[in-house]
Amino acid sequence: MDFGSGWEPEMVNPDSDLYRKHPDWVMNFAGRPRTEARNQLVLNMARDDVREYTFRWLDKLVTETTSHF
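Residues numbered from 1 in each chain as written. Predicted model: local features only at pLDDT ≥ 70, side-chain atom pairs only at ≥ 80, totals over all residues. Heavy atoms only, no water.

(A) Structural detail: a nonpolar patch on the surface. Side chains of Trp7, Tyr53, Trp57 and Val62 sit close together on the surface and give an oily, nonpolar patch of about 370 Å² of accessible area. Looking at the element boundaries, tryptophan 7 is found in the segment before β1 (11–12). A residue is classified by how much of its surface remains accessible, and tryptophan 7, at 44% relative accessible area, is partly exposed. (Patch = residues over 30% accessible without salt bridge, like charges linked within 9 Å, V, L, I, M, F, W, Y side chains within 5 Å. Areas by Shrake-Rupley, 256 points an atom, 1.4 Å probe, with all protein chains shown as cover. Salt bridge = Lys/Arg side-chain N within 4 Å of Asp/Glu carboxyl O. Helix = DSSP H or I, 4+ residues; strand = E, 2+ residues; numbered from the N terminus. Buried < 20%, exposed > 50% of the residue type's maximum accessible area, 1.4 Å probe, protein only.)

If you want it as structure tokens, here you go:
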């Protein structure tokens, strides 16, 4: 069995630096409470800036992780 890891780049913890810096990146409807799933919020991947951030974060994570093998 190989080691595995799971990521949820589409989710953000409401008690995180990313959420505090970009609360507008979370999917929600005006006048309604934000819905949490497993104590996390869903990032709005329809936004160009969110997709760019997510791509760069994943690219850095994979590049740094695989460079150790």
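(B) Here's a closer look at the packing of aromatic side chains. In this structure the tally under the stated criterion is one aromatic pair. Aromatic side chains tryptophan 25 and tyrosine 53 sit 5.5 Å apart centroid to centroid with 55° between the ring planes, which places their arrangement in the tilted category. One end of the pair, tryptophan 25, is in the loop between α1 (17–21) and β2 (41–42); the other, tyrosine 53, is in helix α2 (residues 48–66), with 28 residues separating them in the sequence. (Phe/Tyr/Trp six-rings, centres within 6.5 Å; stacked < 30°, edge-to-face > 60°.)

Nothing here speaks to function; it is geometry throughout.
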